[in-house]
Amino acid sequence: MNAITDLRPQAGEQERRRIRSGAFTGPTAGLAPGNVQANLVILPKALAHDFLRFAQANPKPCPVLAVSEAGDPGFPTLGADLDVRTDIPRYRVWRNGELVSEPTDVRDVWREDLVSFAIGCSFSFEEALVEDGIEVRHIACGSNVPMYRTTIPCVPAGVFHGPLVVSMRPLKPKDAIRAVQITSRFPSVHGAPVHLGLPEMIGIADIAKPDYGDAVPIAADELPVFWACGVTPQAVIAQAKPAFCITHAPGCMLITDLRNTSLSAL
């Protein structure tokens, strides 16, 4: 199946089934075009209120699309058959702020007190960039988007605090201007960039060495353009050190049945 050109309405459900079967375990950029993809954070109910307040205080990196009931592995508003325990290509399991495993299924560590958060993902606005003729480098390279921890602090809430994580796409200056215009229409999936050029000003020492994802080539006539990223909660978890937490692995998203067009503000 050529996922890049698969525009069938059932593409999201089909990709989830493929992921659930273990047939696909890689980054999801470009899969099920037109469908919203989401970052995932799963926490014990005792921490859910603090995390929701953190997300509300930091809407650029953490735009909340849905919150589950405790113990419920589904998001009915995002997909009738969706199961957060099986439908992401690769997960991360955290204990006391330490990454302990990266499984493809988390049913064996699932608990009845867990609350799941689906957070908007920049893969959704990439479709609009591509449709406008703007190359998205990591898709063109068949790699994961590069992501970086910055020195920009998030607004703390309860036990949660830590640095903003950004994703980067290299663009020619005219394309960067257009990308600001396009992505501003999608506040539910990070919206406009938070920084353009000069990565050292936000604490990125080496643009060729991302903290998450894969490095991509940047031409001499291109600027690195940075968007707030849904991997931010993982940097925050590393600092807040909750006893137990599950997230997606960077770049491996939850594919929903929502359409990207439904999130456009204009």
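Residues numbered from 1 in each chain as written. Predicted model: local features only at pLDDT ≥ 70, side-chain atom pairs only at ≥ 80, totals over all residues. Heavy atoms only, no water.

Caption draft 1: Just empty space enclosed by the protein, in detail. By the definition in use, this model includes one cavity of 30 Å³ or more. Its volume calculated, the largest cavity comes out at about 60 Å³. Around the largest cavity sit Asn39, Cys121, Ser122, Phe123, Val145, Met147, His190, Cys229, Gly230, Val231 and Met253, which together line it. When grouped by side-chain class, the residues that make up the lining of the largest cavity number seven nonpolar, four polar and no charged. (1 Å grid on protein atoms, 1.4 Å probe; cavity = no way out; pocket = protein on both sides within 12 Å on 5 of 7 lines; lining within 4 Å. Points joined across faces, edges and corners; volume = space filled by probe spheres on them. Nonpolar A, V, L, I, M, F, W, Y, C, P; charged D, E, K, R; others polar.)

Caption draft 2: Looking closely at the layout of surface pockets. Taken as a whole, the largest pocket holds about 280 Å³ of empty space. Residue lining of the largest pocket: 17 residues in total, with Gly30, Pro33, Glu127, Val130 and Ile139 positioned closest to the centre. Elements with a contribution of two residues or more to the lining of the largest pocket: strand 1 (35–44) and helix 3 (123–131). With six residues, the top contributor of residues to the lining of the largest pocket is helix 3. (Helix = DSSP H or I, 4+ residues; strand = E, 2+ residues; numbered from the N terminus.)

Caption draft 3: Inspection of the nonpolar core at higher detail. Counting residues in each nonpolar core, the largest one holds 28 residues, and the members touching the most others are Val41, Leu43, Phe51, Phe54, Phe160, Val166 and Phe226. Contributions of two or more residues to this core are made by strand 1, helix 2 (45–57), strand 5 (114–120), strand 7 (163–171), strand 9 (223–228) and helix 6 (232–240). Residue contributions to this core peak at five residues, all from helix 2. For phenylalanine 226, the residues in contact, after removing those within four places along its chain, are Tyr148, Val166, Ser167, Met168, Pro193, Val194, His195, Gly197, Pro199, Ile202, Ile204 and Ile207. Counting 20 residues, the second largest nonpolar core, distinct from the first, contains Leu82, Val84, Ile88 and Ala118. (Core = buried A, V, L, I, M, F, W, Y, C linked by side-chain atoms within 4.5 Å. Buried < 20%, exposed > 50% of the residue type's maximum accessible area, 1.4 Å probe, protein only. Contact = heavy atoms within 4.5 Å.)

Caption draft 4: Up close: the pairing of strand 3 (residues 91–95). Burial runs high along strand 3: four of the five residues are buried. Pairing analysis gives three bridges linking strand 3 to strand 4 (residues 98–101), with the strands arranged antiparallel. Each bridged residue has a counterpart across the sheet, and for valine 93 the counterpart in strand 4 is serine 101. In sequence, strand 3 turns back onto strand 4 through a hairpin of two residues, with asparagine 96 there showing a positive phi of about 55 degrees. (Pairing = 2+ DSSP bridges.)

Caption draft 5: Fine view of helix 1 (residues 11–20). All of the buried residues in helix 1 are Ala11, Gly12, Glu15, Arg16 and Ile19. Around the axis of helix 1, the buried residues are gathered within 135 degrees of arc, so they sit on the same side. For helix 1, the elements touching its buried residues are strand 1 and strand 11 (254–259). Of the residues trailing helix 1, glycine 22 is marked for its positive phi of about 90 degrees. (Arc of directions from axis to C-beta.)

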